[in-house]
Every structure is written in C-alpha cells, then in structure tokens.
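# Residue-level structure breakdown
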Amino acid sequence: MSYTHTITVPMSYAQAVEATREALADQGFGILTEIDVKATFTKKLGEETGDAVGDYVILGACNPTLASKALAAEPQLGALLPCNVVVRRGADEDHATIDAIDPQTMVQLSGAPAVREVAEDAEQRLRAALSSLGAEGKS
C-alpha cells in the first residue's frame, strides 16, 4: 500500500514550498510545524549529509476542525497528527516533488466510523491541494 499521494511540478523548490503552503491554506490547513531536513542534517550530521538529502522540508499541516473530530473519536490518533506534507527538490532545479500523507493510513489503524469520515474529508482536501499545484505548475 502506498502511504502518500505524490506529485511532481515544474517549479523551483522555493516556488513549490510557497505554492504548497497556499494550496494547503486554500483547503483549510494551517502549518503547525516546519522541519528543514537539509539544515537539520547539516547541523547534526555534517554538510555532506545535508547536501545528500538536498532541499527537503516537512510541513506539518493541520485542519483544526478535522483534527478535533479525529481526537474526539480516538485521542491516541494525535500520534499521527499533523498531516505531514513533504516538499523536496525534484530531479533538477526546475522541478519539485510534493508528498502528502494518505489519511487512509489512519483508517487502517482505527476501526472507528468517525475516523473514517475524517480521513475521507482530509484525503479529499489534500488531493485537491495537490491537484491545484499540478494545475498551477502547468500554467
């Protein structure tokens, strides 16, 4: 099973990070956390390791309404929140890849009907965000 939805867009890494933030916001997600993996690896493991991973950021996206419903249904689901969205440099400087967690992963770990409902809504919103990025990259 794939646990992400992925799209590659014809944008620079910096453009893709900004466009991803906007696409997520349009779908009701705020960014709670941001991890610059390259900077962290460089600081902790050295420049060579940071350069090897390349431009790579993990955005912790949260839709408060969906998160509150998920936590009300099953408080331990907080371990799976926020929804991580990765933006990374593609094969060249003119492309970037965006990976969004597939919220259906939560459904496989929980049998609660409310969790299924939240996951379906979150998945629809994340797919819409990715779809808009693909359309934006083509314009």
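In case you missed it, the structure is sitting above this.
### Side note on the overall build of the protein chain
A tally of regular secondary structure across the protein chain gives six helices and five strands. Along the protein chain, helices (α) and strands (β) appear in the sequence β-α-β-α-α-β-α-β-β-α-α when read from the amino end. For the protein chain, the spread of C-alpha atoms along the three principal axes comes to 45 × 40 × 25 Å. Counting only residues that meet the buried cut, the protein chain has 40% of its 139 residues in that class. Pairs at least 24 residues apart make up 69% of the contacts formed inside the protein chain by residues separated by at least 6 positions. Each charge class in the protein chain was averaged separately, 11 positive and 20 negative side chains, and the resulting centres sit 3 Å apart.

### Observations concerning empty space enclosed by the protein
Going through the model one piece at a time under the given rule, you end up with one cavity of 30 Å³ or more. What the largest cavity holds in volume is close to 90 Å³. Along the walls of the largest cavity sit 13 residues, with Leu66, Ala67, Leu81, Cys83 and Ala122 positioned nearest its centre. Among the secondary structure elements, those contributing two or more residues to the lining of the largest cavity are β3 (56-62), α4 (64-73) and α6 (113-138). Taken together, the residues of the lining of the largest cavity sort by class into twelve nonpolar, one polar and no charged.

### Things to note about helix α1 (residues 13-26)
Taking 1.5 Å of rise per residue, 14 residues should cover 20 Å, and α1 covers 20 Å from first to last C-alpha, within 8% of that figure. For α1, the complete set of buried residues consists of Tyr13, Ala16, Val17, Ala19, Thr20, Ala23 and Leu24. Of the residues trailing α1, Gly28 is marked for its positive phi of about 90°.

### Looking at the layout of surface pockets
Rolled over the atoms, a probe sized like a water molecule indicates the empty space that remains. Each pocket or cavity is described by its volume, and for the largest pocket that value is around 230 Å³. Pro82, Cys83, Asn84, Ile101 and Asp102 are, among the 15 residues lining the largest pocket, the residues nearest its centre. Listing elements by their share of the lining of the largest pocket, those giving two or more residues are β4 (83-89), β5 (96-101) and α5 (104-109). Of the residues contributing to the lining of the largest pocket, the split by class is ten nonpolar, three polar and two charged.

Criteria and cut-off values
Residues numbered from 1 in each chain as written. Predicted model: local features only at pLDDT ≥ 70, side-chain atom pairs only at ≥ 80, totals over all residues. Heavy atoms only, no water. Helix = DSSP H or I, 4+ residues; strand = E, 2+ residues; numbered from the N terminus. Buried < 20%, exposed > 50% of the residue type's maximum accessible area, 1.4 Å probe, protein only. Contact = heavy atoms within 4.5 Å. Lys, Arg positive; Asp, Glu negative; His and termini not counted. Charge placed at Lys NZ, Arg CZ, Asp CG, Glu CD. 1 Å grid on protein atoms, 1.4 Å probe; cavity = no way out; pocket = protein on both sides within 12 Å on 5 of 7 lines; lining within 4 Å. Points joined across faces, edges and corners; volume = space filled by probe spheres on them. Nonpolar A, V, L, I, M, F, W, Y, C, P; charged D, E, K, R; others polar. Expected span 1.5 Å × (residues − 1).

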